[in-house]
6 protein chains.
Amino acid sequence: MLLYWYETTAADFAFADAVGVLSIGSCEQHGDYLPVGTDGLIGWRLVQAAAERAESPVLLLPPQQVGYSPHHRAFPGCLTLSQETMFRYLLELCQCAFDNGLTRLLLVNSHGGNQSCLQTVVNELGARYDYRPLLVRYWDLIADTAAERRSSGSGGMGHAGEFETSVMQYLYPELVRPERFGQRPAAAGNRYHSPDLFARNAVYQYKPFQEYDRRGNVGQPQLASAEKGEAFFLAAADQLAKLIDFYRHNRF
Amino acid sequence: MLLYWYETTAADFAFADAVGVLSIGSCEQHGDYLPVGTDGLIGWRLVQAAAERAESPVLLLPPQQVGYSPHHRAFPGCLTLSQETMFRYLLELCQCAFDNGLTRLLLVNSHGGNQSCLQTVVNELGARYDYRPLLVRYWDLIADTAAERRSSGSGGMGHAGEFETSVMQYLYPELVRPERFGQRPAAAGNRYHSPDLFARNAVYQYKPFQEYDRRGNVGQPQLASAEKGEAFFLAAADQLAKLIDFYRHNRF
Amino acid sequence: MLLYWYETTAADFAFADAVGVLSIGSCEQHGDYLPVGTDGLIGWRLVQAAAERAESPVLLLPPQQVGYSPHHRAFPGCLTLSQETMFRYLLELCQCAFDNGLTRLLLVNSHGGNQSCLQTVVNELGARYDYRPLLVRYWDLIADTAAERRSSGSGGMGHAGEFETSVMQYLYPELVRPERFGQRPAAAGNRYHSPDLFARNAVYQYKPFQEYDRRGNVGQPQLASAEKGEAFFLAAADQLAKLIDFYRHNRF
Amino acid sequence: MLLYWYETTAADFAFADAVGVLSIGSCEQHGDYLPVGTDGLIGWRLVQAAAERAESPVLLLPPQQVGYSPHHRAFPGCLTLSQETMFRYLLELCQCAFDNGLTRLLLVNSHGGNQSCLQTVVNELGARYDYRPLLVRYWDLIADTAAERRSSGSGGMGHAGEFETSVMQYLYPELVRPERFGQRPAAAGNRYHSPDLFARNAVYQYKPFQEYDRRGNVGQPQLASAEKGEAFFLAAADQLAKLIDFYRHNRF
Amino acid sequence: MLLYWYETTAADFAFADAVGVLSIGSCEQHGDYLPVGTDGLIGWRLVQAAAERAESPVLLLPPQQVGYSPHHRAFPGCLTLSQETMFRYLLELCQCAFDNGLTRLLLVNSHGGNQSCLQTVVNELGARYDYRPLLVRYWDLIADTAAERRSSGSGGMGHAGEFETSVMQYLYPELVRPERFGQRPAAAGNRYHSPDLFARNAVYQYKPFQEYDRRGNVGQPQLASAEKGEAFFLAAADQLAKLIDFYRHNRF
Amino acid sequence: MLLYWYETTAADFAFADAVGVLSIGSCEQHGDYLPVGTDGLIGWRLVQAAAERAESPVLLLPPQQVGYSPHHRAFPGCLTLSQETMFRYLLELCQCAFDNGLTRLLLVNSHGGNQSCLQTVVNELGARYDYRPLLVRYWDLIADTAAERRSSGSGGMGHAGEFETSVMQYLYPELVRPERFGQRPAAAGNRYHSPDLFARNAVYQYKPFQEYDRRGNVGQPQLASAEKGEAFFLAAADQLAKLIDFYRHNRF
């Protein structure tokens, strides 16, 4: 059941039973064919779709549309926070949610670069409150679907690659520029690390994206399709709704 | 000319000629008849309307929908930042805009509680960059219109009063609950300070809003109307568009 | 009734009934004819004069003689804090006052550049304590007197202009160098902003003062006189004393 | 080739060719049968063993023996930093290494709770320097060996479980108290999260360890053996040496 | 040669040849017989006297009248900063002095509790600039005179003891309340630490002053005299003037 | 009685009766003949030796092997923290110790550059807790022994001089390079300041060590001997043990 925090009057809140959901996106280059707001646009649509599917009352906080993206700042249009500021900002925001009486809070991340900072936010909240906020990077919920439907090999589903491009073609076709896709290679990576969204990496690194590709993308947009995007998005919305309902009834 | 930062691809930005506009709202009680997101909802609609009216290319940054509102935290639904975090957050955001090559940045504030912090942000930006970011509290642009059209006396156009309620009735009638307006008094204030939006006060103070009214509003929603709201909103959009065009052609 | 915090023994404090007053000045160029300490010198004399005139017991905290002045740092003699440090510093100072049992605290600002930061201090104190600290920029108390007595038009009473120069000629004639006044123009400003102390501006900006004038002043010292300075100062002292007494007996 | 930073004279450093390695441990309860320093003791021994095996010159920085462990503070002996302080501390330490001329820096983490904060450190270093520091959680290098040799099922190799206890029995048998092992269950987890070291979890959470077990452990020490510990440790040392040599010759 | 920073116009500064001097005092109980501002009152008079005696041009910065005094906060009238804020505040202030072109800066401390923080300020300034700011605790310059003239034994010249009381009787007799002196004991200390101003202690500790004496003083005011105070003050002014002149001509 | 925090299980701690001891060293050049870890190597051995000699149970915290050393950063091998980070780091570490139930905590400093920051840590701890943490710079305990046994005059026992070199020759002869000693002069200092470890200085300053000597040392290693080192070390261990036992039985 979808509820918007922002549209509720102070008199009409009912926190005790609800699951709060915060979508965290970002703003940085997604090649020359996807808008810089891709991650936040997807994330916000996803949490709305999941909330509609969930049985639980889901209270959507105002979405966070700027994240941690210095690895993209060599390209135009990048808005990025420092991790320290992002940590404090989200910590204060989530504390407000808890201080209002909410006891279940799910952070839905749609930008890889945010993940480490968001984990530290969850740690800090967990250490201060007797609640268990959760963090999920949405594609981690649909690794199976992605594996089944992907056309690209490893390295084809990275930043602005087959996966994200498909989802955008499904959700926002008017914002996608397929004529710029061209033929792009999958990103190679090495034996310890691949930038594919679904890789399991032995090491953690930071890499400015101009080193992957001079145009900024990682992966193969030319293999994307709105049809695949629909499959990915709907699977993610379903899984996220299931997680929300599970969370409401189980202590983590 | 309206442009959305978030919807632009990295390859399509043209910063040099544009005026960047950042809408800063907030999230806190607006009585029991307006949604907590009132300020941000109005602000975001306003900058869109002004951008459409302006001759200059106007690049809208993702709107800031949470602000500084601890004076409302006794009521449900309040999301508030500390001033220190808000300062750092907006500073980093605006620095990104400048670092991208934008040279004109206008902060449009639609929540009184944000103003002091936003002034410190403008100071810091001005001290670090050779640009002149501007800050405007939107109602300061239409003091004349407000004076002409208001039905309430002094103290009737405060927080969630005749003015804001009118604008919400015009923009978001479905989110307004007129049946809860009742008959409310204007806020008295004293010889040094009035909480009316259009008062010119000799002193600066901080006051938790439960001290104005146990339901949180300041002013008289029962005097509001969608018609007045339309007049206020259109005047503000016009004036803001004029300011944007003036700013584009004149160094402050 | 004037009391100096610094000169009192620990055994002789009586906080409960007193109004605490903190004068905040600054240290930056005031043209080549006024000392850099102009704002703090005026402020400190003013709070002493007001305390003498007030019926309430007035406890003067040690004056703050350095403020926020980066817009003057292109000129010699500038001492300036960052806003973040000034915020923390004054917050801690005012907290000590409250923690000692004082319940009324009035910040008297005599430097325009300080105002935004001081407002954030008042906000933070108000959010932490159940007291209502007040902030006043002293000239806001005597807009009428200034309008009546000024010789200059708009833009003549800015930084080191007719107003401040007059007050310094009254209070510290030995520190003023009239032979350097020359004939200076009023500052023009634009339709949205004027740097005159008594202007009501629609927008907020930050501007390095070398952009107003290569010598740093804004306004017309050649129109100043000790006689006018006396009128301004005495009016301000009277009004400030009245505010103190009103504050003592009324909850803001 | 093993080199100790601490034991080298200023005149004898040769940074350009070396791989710097920083071991980060922690200090918190490991049940009642392992010492609180377990993670740091293992980590420090491991980086020494790997350095000896590597062909590259390996410069060991002084080990970091305190980490992020608030989830263990309900038990005696916990020393923990805040994430903010740990971030700043390690950032400054690693910056010194880079500023000395080192270009390759490998952070070896031996405590799960540190990982998020360490990732933010790697991000920040990567964003500031044109180097690629790496972070590895040592057990991520030997998932295969662990899977082959483990006796416990999922949930048996968590904090102070079969894995860590085995390694301690191999390295520091005198510090292990097998008589206190008893018969302990594997930790169940749920469909989204398991505390097993080798689980791949869909969600991220923070959980105080008294909620796993009143004695603080997660997993089954009674299944541990020095023989398995030797296998785990030697595999980790080999893999870490290989990673070091790979890192020296390849840009990540 | 005495020059006041605050009273100089921007056009009249001559930094290159001057020694900048900053007096740092404090504000906390000095028993029931000395004012809370004792340290700052003495310090400010002292740097004026030394500047008059010095051959060098001495530029006095606005005095710092609040310091670090939490060990006195159990008594009325205490104003204290945190060390972190004091560090940042003084760092910024001193940086302004250096950024103005001053190359010699002497911090004169008249409150024991400030010393550690001031040392960290000197460290930070020294690490950032190629200048050598100096810090002196004024009584360290006149250990010989104090030893010759003191009537009390060890422990008699602590906080508000024979030494400080004498100086205040010389400088500000109207602020001293001798009728409250009574007969007070010297503070004993132990083999590792004595609170006497002139003790050389093997260990460093922090001690709230109510643990020395319920009235807050350490030492014996009843042994003080204005005559001794004159001797102490004049010796300190002479020694400080000598240090200033030595500093001007020698690189530390 | 020596106990290692790190090697104790959570079940075996007994804080109430113990004295906690934290050794704080550093990592910076000690000439070309001593390792960069000299201070931490000495400090850690010293606290172990003292703990063995003490009658009290002594709980050794993990040693801090990096300190504040920017005055050495012109030389290779320097690892240094900022004072702000060191302050926060040690504050959090010591707070954990107190929060565990320890009531006596002794900080043993073996690097001069750390002292100011450590004093601020002791201040902050003392202001927050009702305990009396102590700080000792170890050589301050054996001024007599040093005076008796030293061969050098004033300025011969500075950084990496006769004193520290002797102790290292006793403790770690394999890490000392006597063939590089040569004939080095004592450091002159001036009438206000000498860099000799045992000087009592009237002023405090910060000085980059390349200004003392292009090789970084202060003092005369060629006068060192393992025999003297043994005398210094054993005297320090004895005195430190005595201090520990005194501290256990007396409130400071």
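Colleague: What should I look at first to understand the sheet that holds strand S2 (residues 19-24) of chain D in this one?
Modeller: The strands that make up a sheet pair up through hydrogen bonds in the backbone, lying either parallel or antiparallel. In space, the six strands of this open sheet follow the order S6(A)-S5(D)-S4(D)-S2(D)-S3(D)-S1(D), with mixed pairing throughout. The sheet is open, and its two edges are formed by strand S6 (203-204) of chain A together with strand S1 (2-4) of chain D, each paired on a single side. Against the sheet, helix H6 (residues 226-249) of chain D contacts S6 of chain A together with S2, strand S3 (58-60), strand S4 (104-109) and strand S5 (134-137) of chain D, and its axis sits at roughly 155° relative to S4(D).

Colleague: How should I be thinking about the interface of chain B and chain A in this particular structure?
Modeller: For an interface, size is often stated in terms of accessible area lost upon the parts coming together. Opposite the 47 residues of chain B that make contact, chain A presents 47 residues. Each partner contributes to the roughly 3,700 Å² buried at the junction of chain B and chain A, and carbon and sulfur atoms together form 62% of this total. Area buried by chain B at its contact with chain A is led by Tyr6(B), Leu79(B) and Tyr89(B), which between them contribute 20% of it. Our enumeration of links across chain B and chain A arrives at four salt bridges. Counting the contacts that link chain B with chain A gives 26 residue pairs in polar contact (both at pLDDT 80 or more). Those elements that place two or more of their residues in the side of chain B that touches chain A are helix H1 (38-53) and helix H2 (83-99) of chain B. Here the side of chain B that touches chain A gets seven residues from one element, more than from any other, and that element is H2(B).

Colleague: When you look at the relation of the copies chain B and chain A in this model, what are you seeing that I'm missing?
Modeller: Between the two chain copies there is a screw-like relation: a rotation about an axis and a shift along it. Relative to chain A, chain B is turned by 180° and slid 0.0 Å along the rotation axis, the superposed coordinates differing by an RMSD of 0.0 Å. On this basis, the relationship between the two copies can be described by a two-fold rotation axis. When the interface residues of chain B are mapped onto chain A, 100% of them again fall at the interface, so both copies present the same face.

Colleague: I tried to follow the relation of the copies chain B and chain C on my own but got confused; where do I start?
Modeller: With an axial shift of 0.0 Å and an RMSD of 0.0 Å, the rotation relating chain B to chain C amounts to 180°. When you check the interface residues of chain B against chain C, 100% turn up at the interface there too, and the contact is symmetric in its surfaces.

Colleague: Is there a simple way to think about the nonpolar core in this case?
Modeller: Soluble globular proteins tend to pack their nonpolar side chains together in the buried interior. Counting 528 residues, the largest nonpolar core has Leu240(A), Leu240(B), Leu240(C), Leu240(D), Leu240(E) and Leu240(F) as the members making the most contacts within it. Every residue in contact with Leu240(C), bar those within four places of it in the chain, is listed here: Leu46(C), Val47(C), Ala50(C), Leu106(C), Val108(C), Val136(C) and Leu141(C).

Colleague: When you look at the pairing of strand S5 (residues 134-137) of chain C in this model, what are you seeing that I'm missing?
Modeller: Successive residues of a regular strand alternate their side chains across the two faces of the sheet. Examined bridge by bridge, strand S6 (residues 203-204) of chain B and S5(C) share two bridges and lie antiparallel to one another. Within S5(C), the position partnered with Tyr204(B) by the bridge is Leu135(C). Pairing between strand S4 (residues 105-109) of chain C and S5(C): four bridges, direction parallel. Among the inter-strand pairings, Val108(C) is bridged to a residue of S5(C), identified as Val136(C). Between the parallel pair S4(C) and S5(C), the chain is carried across by helix H3 (residues 115-128) of chain C, and the sense of this crossover is right-handed.

Colleague: Which parts of the structure should I look at to understand the interface of chain B and chain C?
Modeller: Counting residues at the interface gives 44 residues for chain B and 44 residues for chain C. For the pairing of chain B and chain C, the buried interface totals around 4,000 Å² over both sides, and the portion due to carbon and sulfur atoms is 51%. Ranking the residues of chain B by area buried against chain C places Tyr192(B), Tyr204(B) and Tyr206(B) at the top, with a combined share of 17%. Taken together, the links from chain B to chain C amount to six salt bridges. As a salt-bridge pair, Glu84(C) and Arg88(B) come within 3.4 Å of each other at their nearest N and O atoms. Inspection of the region where chain B meets chain C yields 22 residue pairs in polar contact (both at pLDDT 80 or more). Breaking the side of chain B that touches chain C down by element, the ones donating at least two residues are H2, helix H3 (115-128), strand S5 (134-137), S6 and helix H6 (226-249) of chain B. Residue contributions to the side of chain B that touches chain C peak at nine residues, all from H3(B). Residues that form the side of chain B that touches chain C fall into these classes: 22 nonpolar, nine polar and 13 charged.

Colleague: Would you take a moment to explain the pairing of strand S2 (residues 19-24) of chain B for this structure?
Modeller: Residue and element names in this part refer to chain B. Counting buried residues in S2 gives six out of six residues, a clear majority hidden from the surface. Bridging between S2 and strand S3 (residues 58-60) involves three bridges; their strand directions are parallel. Bridging from a neighbouring strand, glycine 20 pairs with leucine 59 of S3. Regarding topology, H1 serves as the crossover connection from S2 to the parallel S3, and that connection is right-handed. Across five bridges, the pairing between S2 and strand S4 (residues 105-109) is parallel. Bridged to serine 23 within S4 is valine 108.

Colleague: Hey, could you run me through the confidence of the model for chain A in this one?
Modeller: Atomic detail in the predicted coordinates should be set aside for any region of low pLDDT. When pLDDT is averaged along chain A, the result is 97, and 100% of the positions lie at 70 or above. This prediction of the complex comes with two scores: 0.97 for pTM and 0.97 for ipTM.

Colleague: What am I meant to see in the pattern of salt bridges here?
Modeller: When their charged atoms lie close together, side chains carrying opposite charge are able to pair. Counted under the stated rule, the structure contains 96 salt bridges over all chains. Taking the shortest distance from any N to any O, the salt bridge between Arg180(E) and Asp12(C) comes out at 3.0 Å. With Arg180(E) in the loop between helix H5 (162-171) and strand S6 (203-204) and Asp12(C) in the loop between strand S1 (2-4) and strand S2 (19-24), the pair connects residues from two separate chains. Classification of Asp12(C) by relative accessible area gives partly exposed; the value is 34%. A single salt-bridge network, built from bridges that share partners, covers Asp12(A), Arg177(B), Glu179(B) and Arg180(B).

Colleague: Got a minute to help me understand the environment of Arg177(B) in this structure?
Modeller: When you line up the elements, Arg177(B) lands in the loop between helix H5 (162-171) and S6. C-alpha of Arg177(B) to C-alpha of Asp32(B): the two residues are 145 residues apart in sequence and 7.7 Å apart in space. Apart from the residues within four sequence positions on either side, Arg177(B) is in contact with Thr9(A), Asp12(A), Asp32(B) and Tyr33(B). Among the polar contacts made by the side chain of Arg177(B), one reaches the side chain of Asp12(A) at a distance of 3.4 Å.

Colleague: What exactly am I supposed to notice about the packing of aromatic side chains here?
Modeller: Centre-to-centre distance and the angle between the planes together describe a pair of aromatic rings. Enumeration over the complete set of coordinates arrives at 111 aromatic pairs over all chains. Ring plane angle 15° and centroid distance 6.0 Å describe the contact between Tyr129(A) and Tyr131(A), whose orientation is recorded as stacked. It is Lys207(C) that lies over the ring of Tyr212(C); its NZ or CZ is 4.8 Å from the centre.

Colleague: Looking at this structure, I do not really get the environment of Gly67(B). What am I missing?
Modeller: Residues and elements named next belong to chain B. Within the element layout of this structure, glycine 67 appears in the loop between S3 and H2. Taking the C-alpha atoms as reference, glycine 67 lies 9.4 Å from cysteine 117; in sequence the two are 50 residues apart. Those residues in contact with glycine 67, other than ones at most four positions away along the chain, are Gly25, Ser26, Leu79, Thr80, Leu81, Met86 and Asn114.

Colleague: Looking at this structure, how should I read the side chain of Gln205(A)?
Modeller: Among the structural elements, Gln205(A) can be located in the loop between S6 and helix H6 (226-249). In this structure Gln205(A) comes out as buried when scored by relative accessible area, which is 10%. Reaching out from Gln205(A), the side chain makes a polar contact with the side chain of His193(A) at a distance of 3.1 Å. Those residues in contact with Gln205(A) that lie beyond four places of it in its chain are His193(A), Val122(D), Arg132(D), Pro133(D), Leu134(D) and Phe252(D).

Colleague: Would you explain the side chain of Glu28(A) in this entry?
Modeller: All names here are of chain A. Tracing the backbone shows glutamate 28 in the loop between strand S2 (19-24) and helix H1 (38-53). Of the side chains with opposite charge, arginine 73 comes closest to the buried, unpaired glutamate 28, at an N-O distance of 12 Å. Aside from chain neighbours lying at most four places away, what touches glutamate 28 is Pro35, Val36, Asp39, Ser69, His72, Gly77, Cys78, His111 and His159.

Basis of the calculations
- Residues numbered from 1 in each chain as written.
- Chains lettered and ligands numbered in written order.
- Predicted model: local features only at pLDDT ≥ 70, side-chain atom pairs only at ≥ 80, totals over all residues.
- Heavy atoms only, no water.
- Pairing = 2+ DSSP bridges.
- Helix = DSSP H or I, 4+ residues; strand = E, 2+ residues; numbered from the N terminus.
- Contact = heavy atoms within 4.5 Å.
- Axes fitted to C-alpha atoms, helices over the stretch in contact; angles between N-to-C directions.
- Buried area = accessible area lost by both parts, 1.4 Å probe.
- Salt bridge = Lys/Arg side-chain N within 4 Å of Asp/Glu carboxyl O.
- Polar contact = N/O pair within 3.5 Å; in protein donor to acceptor, adjacent residues only side chain to side chain.
- Least-squares fit on C-alpha atoms with pLDDT ≥ 70 in both.
- Core = buried A, V, L, I, M, F, W, Y, C linked by side-chain atoms within 4.5 Å.
- Buried < 20%, exposed > 50% of the residue type's maximum accessible area, 1.4 Å probe, protein only.
- Right-handed = clockwise from strand over helix to strand, strands pointing away.
- Nonpolar A, V, L, I, M, F, W, Y, C, P; charged D, E, K, R; others polar.
- pLDDT = per-residue confidence, 0-100.
- Phe/Tyr/Trp six-rings, centres within 6.5 Å; stacked < 30°, edge-to-face > 60°.
- Lys NZ or Arg CZ within 6 Å of the ring centre and 35° of its normal.
- Lys, Arg positive; Asp, Glu negative; His and termini not counted.

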